[in-house]
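Coordinate inspection notes
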Amino acid sequence: MEIVESPLAMQGIAREIHGRGKTIAVVPTMGFLHEGHLSLVDRARNEADVVVLTLFVNPIQFGPNEDYAVYPRDRERDAALCEARGVDYLFAPTVDGMYAPDASVKINETSLSTHLCGAVRPGHFSGVCTVVAKLFNITLADVAVFGQKDAQQVAIVRRMVRDLNFPVRIVMAPIVREADGLAMSSRNTRLAPESREVALGLSAALSAAIEAYGRGERDAAAVKAIMADAMSARGLKVDYASAVDYSTMEDVDEIGPGTLLAVAAYCGPVRLIDNRLL
Ligand code: PAF
């Protein structure tokens, strides 16, 4: 595995790979890798000849009161995990390498990103779109693999790819969960041991909603109440408990195939998200 820091060098390598007639799959991450990320690497391996994992904690997708400064980082450990999992190139740029001091161009998706996390994290998805567009241009990716845990992010990236004609195919891979149901996230490492039980409220809320759906419940308001109550009962501070049409991210009145059940909540200072797609 080769570690590359410079965007220009990465682009040169990607050109050379394409010149040899090989395809590139990229797995964009912010590092502090876990099995969820590594499952994306496995998927990427099945989708293209060469796998590039990008490791960059992107400052412009964090709000001023969010966790950029304390976001967990461990580049050595990440590099070892990538090497062991068969990543070909680890692209790990610096902030200065990615953003000129007078950078003044950003990408704004203006519809899907007004809902769910976008409604409570202004500017977040603009930061995501901007960095993902840059990563696509730097790695010359043919395929990009993202996790369903960030289902809204995947929908927005797909919209960006469609609307701006990026020659990249987007693959969404399933959420990987801990044995107890907690969706894997780098932020889980910031949970105090006693908060772990509380954090299970997110997956428990979604399971309760799925159970209600299985019993024939279709009323979105009732399902949202079930999810919100399940989270509050565990001691989570609910950010949202939503049922939206996954193609538009707009609230639905009735849940059914294509509905995204999405939850976000604070477990102490740590904001966690989870979802299930019907
Ligand atoms: O999902 C993430 O980790 C980030 O939002 C991404 C896609 C790597 C962009 O910084």
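Data block above holds the structure.
Structure report, in brief.

Parameters at a glance
Position numbers for residues count from 1 along each chain, tracking the sequence in the order it is written. At least 70 in pLDDT is required for a residue's local features to be given in this predicted model, at least 80 for side-chain atom pairs to be given and counted, and no such filter applies to totals for whole chains, interfaces and linings, which use all residues. Here the side-chain values reflect all heavy atoms present in the structure, with hydrogen atoms and water set aside. Secondary structure is summarised from DSSP: a helix means a run of H or I of at least four residues, a strand means a run of E of at least two, and numbering begins at the N terminus for each. Radius of gyration here uses only the C-alpha atoms, and the compact-globule reference equals 2.2 Å multiplied by the residue count raised to the power 0.38. Any two residues whose heavy atoms approach within 4.5 Å are treated as being in contact. All accessibility values rest on the Shrake-Rupley procedure with a 1.4 Å probe; residue burial counts only the protein chains present in the view. When DSSP locates at least two bridges between a pair of strands, those strands are taken to pair. Only C-alpha atoms enter the line fits that serve as axes; for helices the fit covers just the stretch in contact. Angles between N-to-C directions range over 0 to 180 degrees. For this purpose, a residue is taken to be near a molecule or strand whenever a single non-hydrogen atom of the residue falls within 4 Å of it. Identification of polar contacts relies on pairs of N or O atoms within 3.5 Å, with a donor-acceptor requirement for protein atoms, meaning one able to donate a hydrogen and the other able to accept it, and with residues adjacent in sequence counted only if both atoms are side-chain atoms. Each residue gets one label: Ala, Val, Leu, Ile, Met, Phe, Trp, Tyr, Cys and Pro are nonpolar, Asp, Glu, Lys and Arg are charged, and the others, such as Gly, are polar. For every residue, the accessible area (1.4 Å probe, protein chains only) is compared with the maximum for its type, and the residue is labelled buried under 20%, exposed over 50%, or partly exposed between those bounds. What is meant by a nonpolar core is a set of buried Ala, Val, Leu, Ile, Met, Phe, Trp, Tyr and Cys residues, joined one to another through side-chain atoms within 4.5 Å. By definition here, a helix of n residues has an expected span of 1.5 Å times n minus one.

What follows covers the overall build of the chain. Within the chain, the secondary structure is distributed over nine helices and nine strands. The globule rule puts the C-alpha radius of gyration for 278 residues at 19 Å, and the 19 Å found for the chain is close to it. Reported as C-alpha extents along the three principal axes, the dimensions of the chain are approximately 55 × 40 × 40 Å. Taking contacts inside the chain between residues at least 6 apart in sequence as the whole, the part at least 24 apart equals 72%. Summing over all exposed atoms, the chain offers an accessible surface of approximately 12300 Å²; the carbon and sulfur share of this is 51%.

Another point: the sheet that holds strand β1 (residues 2-4). Pairing is parallel in the open sheet, where six strands are placed in the order β1-β4-β3-β2-β5-β6. Of all strands in the sheet, those bounded by a partner on one side alone are β1 and β6 (169-173). Shown here is a sheet whose adjacent strand axes are inclined to one another by a mean of 25 degrees, direction ignored. Where strand β2 (residues 24-29) lies against strand β5 (residues 143-147), two bridges are found, and the strand directions are parallel. Paired with Ala 25 across the two strands is Val 143, which belongs to β5. Packing of helix α7 (residues 151-163) onto the sheet brings it into contact with β5 and β6, and relative to β6 it is tilted by some 170 degrees.

Around the ligand, the structure places Pro 28, Thr 29, Met 30, Asn 58, Gln 61, Val 128, Val 131, Val 132, Phe 146, Asp 150 and Gln 153. At a separation of 2.6 Å, an oxygen atom of the ligand approaches a polar side-chain atom of Gln 61. Gln 153 is positioned such that a nitrogen or oxygen atom in its side chain is 2.7 Å from an oxygen atom of the ligand. Considered on its own, the ligand offers 290 Å² of accessible surface; in the complex 90% of this is hidden by protein. Elements supplying a minimum of two residues to the shell around the ligand: β2 and α6 (124-139). For the shell around the ligand, the residue count by class is six nonpolar, four polar and one charged.

Within the element layout of this structure, Asp 78 appears in helix α3 (residues 75-85). At 2.8 Å, the side chain of Asp 78 forms a polar contact with the backbone nitrogen of Phe 32. Residue contacts for Asp 78: discarding those within four places in its chain leaves Gly 31, Phe 32, Leu 33 and Leu 55.

Positioned with a positive phi, Leu 116 is a non-glycine residue whose angle comes to about 40 degrees. Here Leu 116 is to be found in helix α5 (residues 116-120). Phi at Leu 140 takes a positive value of approximately 50 degrees, unusual for a residue other than glycine. You can see Leu 140 is positioned in the loop between α6 and β5. What makes Leu 140 partly exposed here is its relative accessible area of 25%.

The biggest cluster of nonpolar side chains holds 49 residues, and the ones touching the most others in it are Phe 136 and Ile 170. Other than its neighbours up to four places away in sequence, Ile 170 contacts Phe 136, Ala 144, Phe 146, Val 154, Val 157, Arg 158 and Val 161. Counting residues in each nonpolar core, the second largest holds 24 residues, with Ala 205, Ala 243, Leu 261 and Leu 272 among its members.

The side chains of a regular strand alternate, first on one face of the sheet and then on the other. Taking burial as the measure, the six residues of strand β3 (residues 50-55) include six buried ones, the bulk of the element. Alternating residues of β3 divide into Val 50, Val 52 and Thr 54 and Val 51, Leu 53 and Leu 55, and every residue in both groups is buried. Note: β2 against β3, six bridges, orientation parallel. From the neighbouring strand, Thr 29 faces β3, where its bridge partner is Leu 55.

A few words now on α6. Here α6 contains 16 residues, and its C-alpha end-to-end distance of 22 Å stays within 8% of the 22 Å for a straight helix at 1.5 Å per residue. Backbone geometry just after α6 places Leu 140 at a positive phi near 50 degrees.

Spatial strand order, β7-β8-β9: three strands in an open sheet with antiparallel pairing. Both outer strands of the open sheet, β7 (237-245) and β9 (270-277), are each paired with one neighbouring strand and no more. If you compare each strand with its neighbour and ignore which way they point, the axes differ by 15 degrees on average. Taken together, the eight bridges between strand β8 (residues 259-267) and β9 define a ladder with antiparallel strand orientation. Looking at β9, one finds that Leu 261 is bridged to Arg 276.

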